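# Commentary on secondary and tertiary structure
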Amino acid sequence: MKPVSDTEIEKRVNEIGSEIISRLNRTPSLLSAFTPKGLTESVISLCLKNERIKTGLFRFIDALPAVASDTEVIELFLEYLGEDIHDLPPVMRQGLKWLEKGKRLSPVAAKTIRSFAESLASQFIPGNGFEDAIPAIRRIQKSGRNFSIDLLGELTVCHSEGMVYQTRYLDLLEQLHLFNPGGKGSQISVKLSSLYHRLDPLDWGESVTTSVDRLRPIFRKAREFDISVILDMESYHYKNLILAVFMTLLEEEEFREKPVAGIALQCYLKDALQDLASLIGWAKLKNRPILVRLVKGAYWDYEVAYAHQRNWPLPVFTQKSETDRNFEAAVRLLIKNAPLLQPVIGSHNIRTLSYALALSDLWTGRTQDRSKISGSPESPVELQMLYGMAEPLQKVLIESGYSLRVYAPIGPVLPGMAYLIRRLMENTANSSILLQSFSGKPVDPEILKPAELKADNPFCTSPESVLCESIRPVDLSIQRPEAPNPGFQNEPPLDFSIIGNREKVRLELNRINQKITQETPAYPLVINGKKVFTQKSSTAANPSAPGQVLGTVSQASIEQGSSAIEGARNAFILWKESSPARRAGLLRNTAREFQKIRHQLIALEILEVGKTWREADGDVCEAIDFLFYYADEIERLHAYYAGAHAVASLPGEENRLSLQPVGIMAALSPWNFPLALPTGMIAAGLAAGNCVIFKPSSLSPILGSKLAELFSLAGAPPGILQFLPGEGKEIGEFLIRHPDIPLIAFTGSNEVGRHILSVASLVEAGQNKFKKVIAEMGGKNAIIVDESADLDEAISGVIESAFGFQGQKCSACSRVIVHQAVYSEFMKRLAEAAESLVRGNPQSPSTFLGPVIDEKAKEKISRYISIGLKEAKAVYRRKDRGEEGEGGGYFIGPAIFEEVSPDSPLAREEIFGPVLSVFKAENFNRAIEMANDSPFGLTGGVYSRKPSHLQKARNHFQAGNLYLNRKITGAMVGRQPFGGFNLSGVGMKTGGSDYLLQFMQVKSICENTSRRGYIPTDAAS
């Protein structure tokens, strides 16, 4: 390969690009091919100019497949686009005016709207199935282009749906073979997530093994028919997994040569060059030729939102110029390594295409007339473009002799709208060839200039040259760069696509398991900063394997409780005088102690309470969040209340508010969030200047002990935090009744919460303060699924909400209310999704359903299931025992019931387990009534794509935390402050800006600053 300078490359880019632009501009028939003519073209053109109409139209089209009746079509259309009536094309504008006047034209209008949507989709989707797409494919072939067929549909929720997609791919290969017996030019594109519903980098081994098993028959048939296969790249979350599956499969002996296989890489990703270099290294090592399809990427908005929501570094470039330069760097690296890697350039960008063609010309040393462009069979580069996109450009490239393949998605047109919307969003930027084509204006030669970057941008130093020097195999442990952290941000969850995170948790699990086989750890009380071991102790066992003792925990007596209260009373004298900055500093230091042993804490949660890996990590993250958030909040509140603007002051009168602690606080925490919830209570109490006596749940005492230890390591003065594990009926009752404890923070069952409130209402002898109770209690939470809902999302959300952590969350979904129009389909898929859930020991990352917490909980849940079997209809019920790996653990469910009476205990009572009741509603108003028919009001959710329904839910759904089009569990500190209505609790929302005020008293101080008529000038400042 001959060396060429950047000057030579740019010269050739301009020669090729200028010729392409010249041909586009001097051929009116090409440009006019996409200029607005009919309604569809007019609307596309309008979308390119009007962002609001584009958003409304895309959302309407996304929801349209789920809408059955003509009336609903019209209603939905008006909801999304009615406000923009004056900007719509004349035909649509007139139609809406008729409808507004009450004309009986709904059926005609609805049919017209559906036809328009199908016409729009058909511009980019050639057919509902292969047979339907044959005319379009023949046109592609006749024009001199090849094709790559993609089956629409990317989300499966159960095993059977994945197998259906595998069958569809196999049938597609048979149809392609019959259509094109030689196989030459035929190609399919496969999305891995459509084949395996449990694709997950956390469950790395199983995901790779199962995905390879699902792909193997497809590759065998493709090899038999000489049809090439490309693995599409999907979201960044799956990237490393898809790469691993691709290489694992092609290392099998039968696929070392055939089929011709490839993989797509997304150049908007910051690590695209690293992945490409790794593929090159692997291909050289295995001597396995492959295709590599370079694309810009179609999930940019999603990737940005996904990363921001998790406080992860952005995996994508934020500037188009950076993506363009990255694409060109990848093109250089790829073409340098041809023909071992065949370059496939997926782009509609004339600059990018010209760059690839220029490099191919120069590096292969072809001698054709450089003043013109001319493709050659010897060129290693294949161009790929989307069906229906930039047809004039495709025609120019074909006429010039270049190898061009059309990426053609096939499937039901209206349900394929998710694909369509991504394509349109991706290709409606101001610089896109689609916009230039629809504008009818000449293409500007300025687009051939290289992207301009800042001088300090790494792409100014030819990054591909470094990678070419030292090509490495895939390194899946590489961490991403640190993200900036201004102000409070939620603790990022572990990214389990990084092998290091998986291995650290696994090592901690192994370490703890090994340690407890050698000795049984003993955990003490902590009173006045000293460890106290007692003769009376309790045993902490693993609910997945009750015979496995994790440790013994000392139990506090009443005398030790009295000693702890006396110590707290003494410590309060100094702690209440500490500055907000000092208290905040303790909280932040404790958060850092959590971070140091994060993987150990995750392992302990898996073992002691049976959480799965992500559930355990989420609890640790929330504990860290509470510490950092309340540290910020106490400083903010003191600054505000001490400021001159908290209350009004007038000349001669100075008014101030002062925040003061209450005294000694009892923190009574549950076992289901054994770190987050007690940490939040303790952090709030200490931040406010109170001293805290912490009694953990008797079902999670080891994690409680670890929490107290971390506060001590962070520098908590002796006595401000006392650790008193013990039985609720003994030490818990002692604490809530003690006259020296005026503040009680509790999270747990409604029954215990009501008892605490009842006790707190009494004023005993020697008690000089009313007791304040902050109580978070249970829920009977409902999710509504209306007729317009995205059922893929709804089913996944219901499964997560109802059965995540075995339903042992106060926020868990226990009722689902489904519109009758989608009820049958929803129930069928929900039952299949439940059947596909893996139940077992949560030490395995494959597990979704672990054990419930103990035998008592299992028996209680069993009683509710028995009620369901007698009073309702069981849609799905998992056997209690017998599954491999469950041993003697407390495994039960899931169970799903329908035809449940509204008065049944299944519909009214909190079960706290994986039991779900499903109800049918005739309309959305009735669904809201059913959701609100509960004494509780903690969480609720709605899956709908109708703006009016979402607004009605905002106004009328009675829940403290309402979630729209997402699961109803997993509230984030600072983002979704948590707490309910009605019998779900009392007090302000945790993780919110008002929460700390409950732990303090506010003193109003007024000073007369005048002195015999003299008024200080700064008195009111």
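Residues numbered from 1 in each chain as written. Predicted model: local features only at pLDDT ≥ 70, side-chain atom pairs only at ≥ 80, totals over all residues. Heavy atoms only, no water.

As a further point, take the overall build of the chain. The helix and strand inventory of the chain stands at 34 helices and 30 strands. Here the chain, with 1021 residues, has 59% of them falling under the buried criterion. As displayed, the chain has an accessible area near 40,800 Å², and 52% of this comes from carbon and sulfur atoms. (Helix = DSSP H or I, 4+ residues; strand = E, 2+ residues; numbered from the N terminus. Buried < 20%, exposed > 50% of the residue type's maximum accessible area, 1.4 Å probe, protein only. Areas by Shrake-Rupley, 256 points an atom, 1.4 Å probe, with all protein chains shown as cover.)

Along the chain, Ala 338 connects to Pro 339 via a cis peptide bond; the corresponding omega equals 5°. Summarising the element assignment, Pro 339 is placed in the loop between α14 (320–336) and β6 (341–346). For the bond from Gly 893 to Pro 894, the omega torsion is 5°, close enough to zero to count as cis. You can see Pro 894 is positioned in the loop between β22 (873–877) and β23 (895–898).

Here two bridges tie strand β9 (residues 522–523) to strand β13 (residues 545–554), and the two strands are oriented parallel to one another. Counted as the bridge partner of Ala 522 is Thr 552 from β13. As paired strands, strand β12 (residues 537–542) and β13 are joined by six bridges and run antiparallel to one another. Within β13, the residue paired with Asn 542 across the bridge is Ala 545. Here β12 folds back onto β13, and the loop between the two strands holds two residues. (Pairing = 2+ DSSP bridges.)

Turning our attention to the pattern of salt bridges. Scanning the entire structure with this criterion turns up 45 salt bridges. We note a salt bridge from Glu 254 to Arg 223, for which the minimum N-O separation is 3.3 Å. Taken together, the residues Glu 254 in the loop between α11 (239–250) and β4 (261–266) and Arg 223 in helix α10 (residues 204–225) connect sequence positions 31 residues apart. For Arg 223, a relative accessible area of 30% translates into the label partly exposed. We note a salt bridge from Glu 929 to Arg 926, for which the minimum N-O separation is 3.2 Å. Of the two residues, Glu 929 and Arg 926 are both situated in helix α33 (residues 924–932); the distance of three residues between them amounts to about one turn of the helix. (Salt bridge = Lys/Arg side-chain N within 4 Å of Asp/Glu carboxyl O.)

Looking now at the environment of Tyr 236. You can see Tyr 236 is positioned in the loop between β3 (228–231) and α11. On the basis of relative accessibility, which here comes to 10%, the residue Tyr 236 falls in the buried class. As for Tyr 236 and Val 316, which are separated by 80 residues in sequence, their C-alpha atoms are 9.1 Å apart. There is a polar contact of 2.5 Å between the side chain of Tyr 236 and the side chain of Asp 271. (Polar contact = N/O pair within 3.5 Å; in protein donor to acceptor, adjacent residues only side chain to side chain.)

It is worth spelling out the side chain of Ser 697 at this point. Relative to the elements of secondary structure, Ser 697 occurs in the loop between β16 (691–695) and α26 (701–713). On the basis of relative accessibility, which here comes to 10%, the residue Ser 697 falls in the buried class. A polar side-chain atom of Ser 697 sits 3.1 Å from the main-chain amide nitrogen of Leu 699. Residues in contact with Ser 697, not counting those within four places in the same chain, are Ser 669, Pro 670 and Trp 671. (Contact = heavy atoms within 4.5 Å.)

On to the environment of Lys 920. Within the secondary structure, Lys 920 is located in strand β24 (residues 915–921). For the pair Lys 920 and Val 900, spaced 20 residues apart in the sequence, the C-alpha separation amounts to 9.9 Å. Other than its neighbours up to four places away in sequence, Lys 920 contacts Val 818, Gln 820, Tyr 823 and Met 930.

Pairing is parallel in the closed barrel, where eight strands are placed in the order β1-β2-β3-β4-β5-β6-β7-β8. For this sheet the average axis-to-axis angle between neighbouring strands, irrespective of direction, equals 30°. Strands β1 (146–151), β2 (187–190) and β8 (404–410) of the sheet are contacted by helix α9 (residues 159–179), whose axis makes an angle of about 155° with β1. Along the sheet face, helix α16 (residues 391–399) touches β7 (382–386) and β8 and points at about 160° away from the line of β7. (Axes fitted to C-alpha atoms, helices over the stretch in contact; angles between N-to-C directions.)

One can find Ser 705 in helix α26. Under the relative-accessibility criterion, Ser 705 is labelled buried at 9%. In this structure Ser 705 touches Tyr 523 and Phe 723, once residues within four positions along its chain are discounted.

Chain-level statistics for the chain give a pLDDT mean of 88 and a share of 87% at 70 or above. For the stretch residues 29–37, pLDDT sits under 50, and the model shows 27 contacts to residues farther than four places along the chain or on other chains. (pLDDT = per-residue confidence, 0-100.)

Running from N to C, α10 and α11 cross one another at 55°; their axes reach a closest spacing of 9 Å. Judged by the inter-axis angle, α10 sits oblique to α11. Seen along the crossing, α10 lies across α11 with a hand that is right-handed. Each of Trp 204, Ser 207, Val 208, Ser 211, Val 212, Leu 215, Arg 216 and Phe 219 in α10 lies in contact with α11, whose residues at this interface are Asn 240, Leu 241, Ala 244, Val 245, Thr 248, Leu 249 and Leu 250. A per-class count over the contact of α10 with α11 returns 10 nonpolar, four polar and one charged. (Parallel < 35°, antiparallel > 145°, perpendicular 65-115°, else oblique. Left-handed = near helix turned anticlockwise from the far one by under 90°. Nonpolar A, V, L, I, M, F, W, Y, C, P; charged D, E, K, R; others polar.)

As a further point, take the sheet that holds β9. Read across the sheet, three strands follow the order β9-β13-β12 without closing on themselves; strand pairing throughout is mixed. The open sheet has two edge strands, β9 and β12, and neither has a second partner. Strand contacts of helix α23 (residues 598–608): β12 and β13, with the helix running at about 95° to β12, the strand carrying the most contacts. Relative to the sheet, α26 contacts β9, β12 and β13, its axis offset from that of β13 by approximately 40°.

Axis separation between helix α24 (residues 613–642) and helix α25 (residues 676–687) bottoms out at 8 Å; the angle between their running directions is 15°. As summarised for this structure, α24 and α25 are arranged roughly parallel, according to the angle between their axes. When the axes of α24 and α25 are compared, the crossing they make is right-handed. Contact with α24, carried on its side by Asp 619, Glu 622, Ala 623, Phe 626, Leu 627, Tyr 630 and Ile 634, involves Ala 676, Thr 679, Gly 680, Ala 683, Ala 684 and Ala 687 of α25 and no other residues of that element. Considered class by class, the residues forming the contact of α24 with α25 number nine nonpolar, two polar and two charged.

Take the pairing of strand β20 (residues 781–785) next. Across the five residues that make up β20, a large majority, five, are buried. In β20, alternate side chains face the same way, and those of Asn 781, Ile 783 and Val 785 on one face and Ala 782 and Ile 784 on the other are all buried. In this sheet, strand β21 (residues 813–819) lies alongside β20 in parallel orientation, the contact comprising five bridges. Within β21, the residue paired with Ala 782 across the bridge is Arg 815. Between the parallel elements β20 and β21, the chain passes through helix α29 (residues 791–803) in a crossover that is right-handed. For β20 and strand β26 (residues 939–943), the ladder comprises four bridges, and the chain directions are parallel. (Right-handed = clockwise from strand over helix to strand, strands pointing away.)

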